[in-house]
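Structural overview
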Amino acid sequence: MDSITQFSLGAAVGIAVSPKKTPKIAIISGLLASLPDLDILLTMINDSNDLDSTINHRGPLTPCFF
């Protein structure tokens, strides 16, 4: 799933389950849903080759949430 779809789905679920239907809830839940995709920043900071970035993609953050 791409980042925009993941953010949108997270925002929609956040609004659906929240008793308060505010844009702030949508933004926060969208950002939380996008958190596992931030591992791409780690590969950009770390000077690694393509194999290392493929192995590390979805490595450190995804198991925390699933």
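Residues numbered from 1 in each chain as written. Predicted model: local features only at pLDDT ≥ 70, side-chain atom pairs only at ≥ 80, totals over all residues. Heavy atoms only, no water.

Here helix H1 (residues 3-17) crosses helix H2 (residues 23-34) at 135°, and the two axes come no closer than 7 Å. With respect to their mutual orientation, H1 and H2 come out oblique. Both H1 and H2 take part in a crossing whose hand is right-handed. Listed contacts from H2 to Ser3, Gln6, Phe7, Gly10, Ala11, Gly14 and Ile15 of H1 are Ile25, Ala26, Ile27, Ser29, Gly30, Leu31, Ala33 and Ser34. Each residue belonging to the contact of H1 with H2 can be placed in one class, and the counts come to eight nonpolar, seven polar and no charged. (Axes fitted to C-alpha atoms, helices over the stretch in contact; angles between N-to-C directions. Helix = DSSP H or I, 4+ residues; strand = E, 2+ residues; numbered from the N terminus. Parallel < 35°, antiparallel > 145°, perpendicular 65-115°, else oblique. Left-handed = near helix turned anticlockwise from the far one by under 90°. Contact = heavy atoms within 4.5 Å. Nonpolar A, V, L, I, M, F, W, Y, C, P; charged D, E, K, R; others polar.)

This part is about the side chain of Ser29. Turning to its location among the elements, Ser29 is positioned in helix H2. Overall, the relative accessible area of 15% leaves Ser29 in the buried class. In this structure the side chain of Ser29 is engaged in a polar contact, spanning 2.8 Å, whose partner is the backbone oxygen of Ile25. The contacts of Ser29, once residues within four sequence positions are left out, are Gly10, Ala11 and Gly14. (Buried < 20%, exposed > 50% of the residue type's maximum accessible area, 1.4 Å probe, protein only. Polar contact = N/O pair within 3.5 Å; in protein donor to acceptor, adjacent residues only side chain to side chain.)

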